[in-house]
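Fold and geometry: a report
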Amino acid sequence: MTATLPAAFADRLTRILPADRLDGVLASFAAVKDVAFRINTLKAQPDAVLAGLRAAGLNPRPVAWSPLAWVVDAAAKRALTETPAFYQGEIYIQNLASQLAPLALAPQPGEMVLDLAAAPGGKTCQMAALMGNQGWLSAVEPVRDRYFRLKHNLDQQGVSIAHCYQKDGRAVGALTPERFDRVLLDAPCSSEARFDLNDPDSMAHWSPGKVREVAHKQKRLLLSAIHALKPGGVLVYSTCSFAPEENECIVHAALHKLGDAVEVTPVDIPVLHQPGLTEWDGKMLNPQLAHSVRVLPDSLVDGFYLTRLVKQRSTQ
Ligand SMILES: C[S@@+](CC[C@H](N)C(=O)[O-])C[C@H]1O[C@@H](n2cnc3c(N)ncnc32)[C@H](O)[C@@H]1O
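What this report covers is the structure whose coordinates are included nearby. No experiment lies behind these values; they were computed from the predicted model shown.

Calculation rules
Throughout this description, residue numbers start from 1 for each chain and increase along the sequence as written. The predicted nature of this model means local features are confined to residues of pLDDT at least 70 and side-chain atom pairs, given and counted, to a pLDDT of 80 or more, with totals for whole chains, interfaces and linings taken over all residues. Values reported for side chains reflect all heavy atoms of the structure, with hydrogen atoms and water molecules removed beforehand. Residue proximity to a molecule or strand is established when one non-hydrogen atom of the residue lies within 4 Å of it. Between N or O atoms, a polar contact is any pair within 3.5 Å; within protein, one atom must be a potential hydrogen donor and the other a potential acceptor, and residues adjacent in sequence are included only when both atoms are from side chains. Here the Shrake-Rupley method, with its probe set to 1.4 Å, supplies the accessible areas, and only the displayed protein chains count as covering residues. Where helices and strands are cited, they refer to DSSP runs of H or I of at least four residues and of E of at least two residues respectively, numbered from the N terminus. Asp, Glu, Lys and Arg are counted as charged, while Ala, Val, Leu, Ile, Met, Phe, Trp, Tyr, Cys and Pro are counted as nonpolar; the rest, among them Gly, fall into the polar class. Helix axes use the C-alpha atoms of the stretch in contact, all axes being lines fitted to C-alpha atoms, and the angles between their N-to-C directions lie in the range 0 to 180 degrees. For this classification, under 35 degrees means roughly parallel, over 145 means roughly antiparallel, 65 to 115 means roughly perpendicular, and everything else is oblique. Note on convention: near helix rotated counterclockwise from far helix by under a right angle means a left-handed crossing. Clockwise means right-handed. Any two residues whose heavy atoms approach within 4.5 Å at even a single point are treated as in contact. A carboxyl oxygen of Asp or Glu within 4 Å of a side-chain nitrogen of Lys or Arg is what we treat as a salt bridge. Relative accessibility decides the category of a residue: with a 1.4 Å probe and only protein chains considered, values under 20% of the type maximum give buried, values over 50% give exposed, and everything between is partly exposed.

**Focus: the site of the ligand**
Every one of the 20 residues lining the ligand counts as a neighbour, but Glu141, Arg146, Gly169, Asp186 and Lys217 are closest to it. In the model, an oxygen atom of the ligand is placed 3.2 Å from a nitrogen or oxygen of the Ala119 main chain. In this structure, Lys123 approaches the ligand through a side-chain N or O atom, which is 2.9 Å from an oxygen atom. Burial of the ligand by the protein chains amounts to 88% of its free accessible area of 600 Å². At the level of secondary structure, the elements contributing two or more residues to the shell around the ligand comprise helix H7 (122-130) and helix H10 (208-228). Grouping the amino acids of the shell around the ligand by side-chain chemistry returns ten nonpolar, three polar and seven charged.

**Here's the deal with the packing of H10 against helix H11 (residues 248-258)**
Close contact between H10 and H11 brings their axes to 9 Å; oriented N to C, the two are set at 50°. One finds that H10 runs oblique with respect to H11. Note that H10 runs across H11; the crossing there is right-handed. Contacts from Ala215, Gln218, Lys219, Leu222, Leu223, Ile226 and His227 of H10 reach H11 at Ile250, Val251, Ala253, Ala254, Lys257 and Leu258. Residue classes in the contact of H10 with H11 are distributed as nine nonpolar, two polar and two charged.

**Comments concerning the pattern of salt bridges**
According to the stated counting rule, one finds 14 salt bridges in the structure shown. Between Lys33 and Asp302 there is a salt bridge; the shortest N-O distance is 3.1 Å. A residue pair is termed long-range when its members are at least 10 positions apart, and Lys33 in the loop between helix H2 (19-30) and strand S1 (35-39) and Asp302 in the loop between strand S14 (293-295) and strand S15 (304-311) qualify at 269 residues. Across the pair Arg294 and Glu248 runs a salt bridge, and its minimum N-O distance is 2.8 Å. Of this pair, Arg294 sits in strand S14 while Glu248 sits in helix H11, and the two are 46 residues apart along the sequence. Taking the relative accessible area as the measure of exposure, Glu248 reaches 0% and is therefore buried. Through salt bridges with shared partners, a single network forms among Lys33, Arg194 and Asp302.

What follows is the structure, given as C-alpha cells:
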C-alpha cells in the first residue's frame, strides 16, 4: 500500500478530531474492513437466511445492537455475493454506519416518507422494511444511471411502497410542501469518511474546493427537505464526510434561517461516536449541534455524521 491521504485533508482532520481519536481514525483508512450486511425482512426470515449462509460455508457474526445486522470477514465478501440470499435480495451489503440513519429516523408503517437523495437505495430498502411495506415512500435521485440502479435495487429487495422520481431534490420542497411525516436526507458529499488507502481512486476527486461545492448544494437540499416535512415531522440529515462545512455548518445555516421552526433532538447511537462540533474556524455554531453525532470509523464501521431534526411549526 503506497497511497497517502491528501495533505490538506490530513491537516484538516487534526483540527476536526479530538487528539485522542486521531490515531484510531487514521488507522481506519488503512484497514481492510470486514463486510456488514442487513437481512431484508421483506423477502425472508432471518433464521432461514442465516441457515442458508452457514450451509454455503459462511460464518456470519451478529451485531449486538441490531438483530438484522451481521458481519462476515473481508475475505468472505466474494462468497457472500455468490449466495442465493444475495442475488435474491434477501440480504443487502450495507455498512453499519449507513444502517444507523434509517434507525434514527424510525419510519412507521402507514406513514408518508421521503428519501431525498436515494440511490443506490440501501437506506430506502431499509426504511421500507421498517415500514413493513405499508405507507408511501418517495425516493428521489437526479442522476440517470443511479436512478435506474435505485429502481432495480428496490425491485430486487421486494419494496412495493416506493415511488421513484428522477428529480433534483432542491426542487422537491416547493413541489410537495409539508407533505411528509419523515424525511431522510443522506446528502451527496465529499465522501471523506470512505477514503481507503487500499483504493487511491476513493480520494482522487477530493479537494477543499469540492467540499465548498457540495456544501453549497447540501444547504439548499436541507432547506428543501425541511419544507417538504409536515409540522411535527422528523428529519435525519446525514453524510459520510468529516468536514464541518458539510455537517454542522449546514444544519447551523438552516437553524439560523428558520429560527425555532426546527430543533435538533438527541439520538441514541450504539457505536463509537463524539458529539457534533459547536465551533468551527473560530465561529460559534448553534449549541443544539452538540446533539448531532459524529460516528468515528474503525476497522468495521465507516465514519458518518447524523443529525435528527424535529419540525416545530410550519415554514410556509
Ligand atoms: C450519499 S448518496 C445516497 C446513498 C443512499 N441514501 C443509500 O443509502 O443508498 C447521495 C445521492 O445523492 C444524489 N444527488 C446528487 N445531487 C442531488 C440532488 N441535487 N438532489 C438529490 N439527490 C442528489 C447522488 O447522485 C447520490 O446518489
